[in-house]
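Working through the structure, step by step
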Amino acid sequence: MPTYNIAVLPGDGVGPEVVAEALKVLLALEEPHPDLRFTFSQHRVGAGCYAETGNDLPESTLEACKQADAVLFGSAGDPDVRFPDGTEIAPQLTLRFEMDLYAGIRPIKKFPGVPPLLEGNPPLDYVIMRENTEGLYASRGAGVRLGDSLAVDNMVITRAGTERIVRYAFEIAKQRKGAPADGRSRVTSVDKANILKSMAFFRQIFDEVAESYPGIERDYAYVDAFTVYQLKSPAWYDVVVAENMFGDIISDLAAATIGGMGMAPSADVGDRYGVFQPSHGTAPDIAGQGIANPMAQVLSAGMMLSWLGARHDDTEAIAASETIDRAVDRALDDPKNHPVDLGGAAGTSKVGDAVAEAVANS
Ligand code: ATP
């Protein structure tokens with residue numbers, strides 16, 4: 001069994017606070033999974049790093065990420081620290097391009113211990129696959145601005161980029177049990193194919209890839225309507241695929257339906273590398289207060305283990321990822337462990353302690 005070398009990038013804002021809890025939980029795995037071994041190395045990244053060094057993603061950090069078996073990332077950025085063109089520091093986006101992490105995997109699953117948030121309390125269990133390396137965000141740092149009169153950003157949709165994310169979405173659907181509403185495997189293209197040529201192309205490629213998966217139903221939604229379906233009929237969805245910016249927006253709304261940004265984990269993976277970070281950002285409004293919810297970060301660490309396990313054919317790592325998922329559920333069963341964003345009073349480290357204890361006792 002390998003020793004996994006994990007590059008840890010806590011970053012800015014609540015990043016370091018929630019990463020500390022994820023590390024606590026990973027270390028607690030030693031008891032139930034004694035064969036699982038990690039080495040951790042910490043590296044600087046983000047707005048604080050930029051303010052001090054003029055670089056938000058030092059070469060040494062990027063190199064460490066590429067050398068590691070996986071990267072555990074907190075969050076990065078600060079609205080008060082910006083590049084000269086006014087855009088925010090976002091090394092997580094740079095990493096996605098540099099390491100070709102084309103698939104943003106965001107599981108949206110209802111936690112039994114979290115009080116229902118949607119009318120009728122529908123079952124919720126779907127995965128958003130966000131294309132991470134092109135789409136509208138491909139224009140980042142490359143858009144055009146003419147003085148004070150005009151600015152243009154382009155939507156970039158390539159055949160190769162769309163094929164690989166759509167194929168990944170169908171592959172994930174193959175491994176799942178289908179949509180909660182009817183148990184049928186289904187992949188939904190969330191786009192705006194009725195308005196934009198780029199999106200009609202995205203949908204055309206979606207259909208072409210879908211031909212290779214006859215056992216999986218194909219489904220479509222325009223992104224504006226999809227935001228309503230996320231609230232009214234989320235049980236219909238199994239796997240959803242979208243370009244970069246649409247995927248970003250629908251992920252945040254999806255997070256709100258399961259308890260907020262503090263509950264939504266994510267994985268950014270490509271064919272070679274994997275970076276695991278919560279869906280949320282630096283949450284500057286609550287940073288430094290010890291009240292951030294660490295669950296999304298902890299669950300992202302669980303996704304990291306599941307990815308490592310699949311990659312290295314390591315059943316122990318996969319079992320450990322399931323241990324984390326169960327421990328989160330166990331901790332949430334007791335409202336005393338509910339963090340502030342879930343209406344509770346537990347601080348960041350108390351929530352982390354509760355999960356670590358549930359892991360150790362599993
Ligand atoms: P980014 O642009 O970096 O994705 P964002 O604009 O989406 O960031 P977030 O930092 O994710 O913003 O925060 C959005 C809201 O969610 C804020 O009110 C924040 O306090 C809340 N939030 C984010 N993460 C957490 C967390 N871990 N625990 C509690 N609340 C959080």
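Coordinates for the structure precede this section.
1. As for helix α8 (residues 244–257)
- An ideal rise of 1.5 Å per residue puts 20 Å on 14 residues; α8 measures up with 20 Å between its terminal C-alpha atoms.
- Within α8, the full set of buried residues consists of Asn 244, Phe 246, Gly 247, Ile 250, Ser 251, Ala 254, Ala 255 and Thr 257. Seen along its axis, α8 keeps its buried residues to an arc of 165°; they face one direction.
- The inward-facing, buried residues of α8 contact β4 (103–109), β5 (125–131), β8 (186–191), α6 (197–210), α7 (223–232) and β10 (239–242).
- Residue Glu 243 occupies the N-cap position of α8, its side-chain oxygen lying 3.0 Å from the main-chain nitrogen of Met 245.
- Downstream of α8 by a residue or two, Gly 259 has a phi angle that is positive, lying close to 130°.

2. Focus: the pattern of salt bridges
- Inspection of every chain in the model, using the stated rule, returns 22 salt bridges.
- Of the charged contacts, one joins Arg 44 and Glu 52 as a salt bridge, the two residues approaching to 2.9 Å between their closest N and O atoms.
- Residue Glu 163 pairs with Arg 159 through a salt bridge whose shortest N-O separation is 3.1 Å. A residue pair is termed a helical-turn pair when its members lie 3 or 4 positions apart in one helix, as Glu 163 and Arg 159 do in helix α5 (residues 159–175) at four residues.

3. Overview of the packing of helix α1 (residues 15–28) against helix α9 (residues 295–311)
- Where α1 meets α9, the closest approach of the two axes is 8 Å, and the angle between their N-to-C directions is 50°. In terms of their interaxial angle, α1 and α9 are classed as oblique. Taken as a pair, α1 and α9 cross one another with a handedness that is right-handed. Residues Val 18, Val 19, Glu 21, Ala 22, Val 25 and Leu 26 of α1 lie in contact with α9, whose contacting residues are Gln 297, Val 298, Ala 301, Met 304 and Leu 305.
- Counted by class, the contact of α1 with α9 contains nine nonpolar, one polar and one charged residues.

4. Things to note about the site of the ligand
- The ligand sits among Asp 252, Met 261, Gly 262, His 280, Gly 281, Thr 282, Ala 283, Asp 285, Ile 286, Ala 292, Asn 293 and Asp 341.
- Residue His 280 places a side-chain N or O atom 3.2 Å away from a nitrogen atom belonging to the ligand.
- Interatomic distance of 2.9 Å between a backbone N/O atom of Asn 293 and a nitrogen atom of the ligand.
- Protein burial of the ligand: of its 610 Å² of free accessible surface, 63% is covered by the chains.
- In terms of residue class, the shell around the ligand is built from four nonpolar, five polar and three charged.

The rules behind the values
Residues numbered from 1 in each chain as written. Predicted model: local features only at pLDDT ≥ 70, side-chain atom pairs only at ≥ 80, totals over all residues. Heavy atoms only, no water. Helix = DSSP H or I, 4+ residues; strand = E, 2+ residues; numbered from the N terminus. Expected span 1.5 Å × (residues − 1). Buried < 20%, exposed > 50% of the residue type's maximum accessible area, 1.4 Å probe, protein only. Arc of directions from axis to C-beta. Contact = heavy atoms within 4.5 Å. Polar contact = N/O pair within 3.5 Å; in protein donor to acceptor, adjacent residues only side chain to side chain. Salt bridge = Lys/Arg side-chain N within 4 Å of Asp/Glu carboxyl O. Axes fitted to C-alpha atoms, helices over the stretch in contact; angles between N-to-C directions. Parallel < 35°, antiparallel > 145°, perpendicular 65-115°, else oblique. Left-handed = near helix turned anticlockwise from the far one by under 90°. Nonpolar A, V, L, I, M, F, W, Y, C, P; charged D, E, K, R; others polar. Near = heavy atom within 4 Å. Areas by Shrake-Rupley, 256 points an atom, 1.4 Å probe, with all protein chains shown as cover.

By themselves, these are just geometric observations and shouldn't be taken as functional.
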